[in-house]
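A look at the structure
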Amino acid sequence: MGDHLDVVVFGSCNMDLISYVPRLPRVGETIHGSRFVTGFGGKGANQCVAASRLGARCAMVGKLGQDSWGQAYRDHLEQEGINISHLSVIDGQTTGVAPISVSESDGANHIVIIVGANNSLSVEDAKSAAESFTARVLVCQLETPIEATIRALELFPGTSIVNAAPALENTPQELLKLSTIFCVNESEAALMTKLTVESVEDAKRAVERLQEMGANTVIITLGENGAVFREKSSPHTLHARIAPVDSVVDTTGAGDAFVGALAHLLAKLEGQRVPFGQLMAGACEIASMSVKLPGTQSSFPRISGFEQDVPKRKYDLSKI
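Residues numbered from 1 in each chain as written. Predicted model: local features only at pLDDT ≥ 70, side-chain atom pairs only at ≥ 80, totals over all residues. Heavy atoms only, no water.

Taken together, the buried positions of helix H6 (residues 186–193) are Glu188, Ala189, Met192 and Thr193. Along H6, the residues classed as buried sweep out an arc of 115 degrees about the axis, all on the same side. Buried residues along H6 sit against strand E10 (181–185), helix H7 (200–212) and strand E11 (217–221). Once H6 ends, the next one or two residues include Lys194, with phi positive near 60 degrees. (Buried < 20%, exposed > 50% of the residue type's maximum accessible area, 1.4 Å probe, protein only. Helix = DSSP H or I, 4+ residues; strand = E, 2+ residues; numbered from the N terminus. Arc of directions from axis to C-beta. Contact = heavy atoms within 4.5 Å.)

Set out below in structure tokens:
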């Protein structure tokens, strides 16, 4: 086996191309925008950066296009201290992009996603990565081909987190059964379970339904209401509440900050018998920090030694 890592992320890299406009244009209309920014995005890379900034040794397994965005993304992840030996550039493909228009009057947006090279992530890539790396935690999402994700889950021993986003109405049984931890937000949980998920009680029912469908430990993130979870081995569903955030600037990427932080904590505290609820609440705390700053990856905190504090923290955890 090759490198021993804390976290391997198997997933997507996108460039966010964001135009700020006074309002969204009507069909056929051209309007002047006020500002244009680019950002590094894609759920996979977001989660990898979030874990790396907390001190996890990470590798990103993904695909980029043979264009200026692809080279910029490789350089960016390398600067973040991430192993990019399995982040390959594909000839004749574009890097995944997400052109986004944001209305300054009401915050409404239009988003178009062109997955590009992300669609080339294959079963062979999963095999090659598993031969090159051992990792305490594998993290996957659903922005890349699902058969490759399933193969990665089969090949990597240890703990795995599947962040099932974007959600599938008919989730393959293998995804639920192979992942150690299955993590979705309210809307994703509602789509998958066909239940209404608008309250903590609703989330509890959705957790139970997902476990009936074959999932092991299930987490449903609830934004400012924290997260609800149940471990496979427990009869109890718990709610991790978070302190109110007084100055929310940008919630984009908060879910990815949560998943990356959870992967980091699971890797660093493996074998120390820290209750899962503490890790969950610690990940919620990182997500809360990220919403106080603009942007996605740029908002993720850099903290060393966070995992040493989490076991001692007093978090608001209760059975529901």
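With respect to the helices and strands, the residue Pro275 is situated in the loop between helix H8 (254–268) and helix H9 (276–290). Taking the C-alpha atoms as reference, Pro275 lies 40 Å from Ile114; in sequence the two are 161 residues apart.

One open sheet holds the four strands; their spatial order is E3-E2-E6-E7, and the pairing between them is mixed. Edge positions in the open sheet fall to strand E3 (35–41) and strand E7 (109–111), since each of these has one partner strand only. Adjacent strand axes in the sheet meet at a mean angle of 20 degrees when their direction is disregarded. Taken together, the three bridges between strand E6 (residues 96–103) and E7 define a ladder with antiparallel strand orientation. Along E7, the bridge assignment pairs Ser101 with His110. Of the strands in this sheet, strand E2 (14–21), E3 and E6 are in contact with helix H2 (residues 68–79), which crosses E3 at around 60 degrees. (Pairing = 2+ DSSP bridges. Axes fitted to C-alpha atoms, helices over the stretch in contact; angles between N-to-C directions.)

Overall, the coordinates contain two aromatic pairs when judged by the stated rule. Ring geometry for Phe40 versus Tyr73: centroids 4.8 Å apart, planes at 65 degrees, classification edge-to-face. Here Phe40 is found in strand E3, whereas its partner Tyr73 is found in helix H2, with 33 residues between them in sequence. Taking relative accessible area as the criterion, Phe40 reaches 24% and is therefore assigned partly exposed. You can call Tyr73 buried: its relative accessible area is 0%. Ring geometry for Phe229 against Phe276: centres 5.6 Å apart, planes inclined by 70 degrees, an arrangement best described as edge-to-face. With Phe229 in strand E12 (residues 227–230) and Phe276 in helix H9, this residue pair connects regions lying 47 residues apart in the sequence. This pair shows no difference in class: Phe229 is buried, exactly as Phe276 is. Sitting over the ring of Tyr20, Arg35 keeps its end group 4.0 Å from the ring centre. (Phe/Tyr/Trp six-rings, centres within 6.5 Å; stacked < 30°, edge-to-face > 60°. Lys NZ or Arg CZ within 6 Å of the ring centre and 35° of its normal.)

Note on soluble globular proteins: their nonpolar side chains tend to be buried together. Of all hydrophobic cores here, the largest spans 53 residues; its most connected members are Val7, Met60, Ile161, Ile219, Phe258, Leu262 and Phe276. Of all the elements, H8 adds the most residues to this core, at nine residues. Ignoring anything within four residues of it in the chain, the contact list for Phe276 reads Ile181, Thr217, Ile219, Phe229, Glu231, Leu262 and Leu266. Among the nonpolar cores identified, the runner-up in size contains 37 residues, and Leu5, Ala135, Leu176 and Val184 belong to it. (Core = buried A, V, L, I, M, F, W, Y, C linked by side-chain atoms within 4.5 Å.)

With three bridges connecting them, E12 and strand E13 (residues 238–241) associate as antiparallel partners. Directly across from Val228, in E13, lies its bridge partner His239. The pairing of E13 with strand E14 (residues 316–319) spans four bridges and is classified as antiparallel. Of the residues in E14, the one forming a bridge with Ala240 is Leu317.

With an omega of -5 degrees, the peptide bond between Ala165 and Pro166 qualifies as cis. Structurally, the position occupied by Pro166 is in the loop between strand E9 (159–163) and helix H5 (173–178). Its identity as a non-glycine residue notwithstanding, Lys194 has a phi of 60 degrees, on the positive side. In this fold, Lys194 is placed in the loop between H6 and H7. Under the relative-accessibility criterion, Lys194 is labelled exposed at 57%. A positive phi angle, near 55 degrees, is found at Arg273, a position not held by glycine. For Arg273, the position within the fold is in the loop between H8 and H9.

Another point: the sheet that holds strand E1 (residues 3–10). Judged by pairing direction, the sheet is mixed, and its ten strands sit side by side in the order E5-E4-E1-E8-E9-E10-E11-E12-E13-E14 without closing on themselves. For this open sheet the edge positions go to strand E5 (87–90) and E14, each flanked by a neighbour on one side alone. On average, adjacent strands in this sheet sit at an angle of 20 degrees to one another, irrespective of strand direction.

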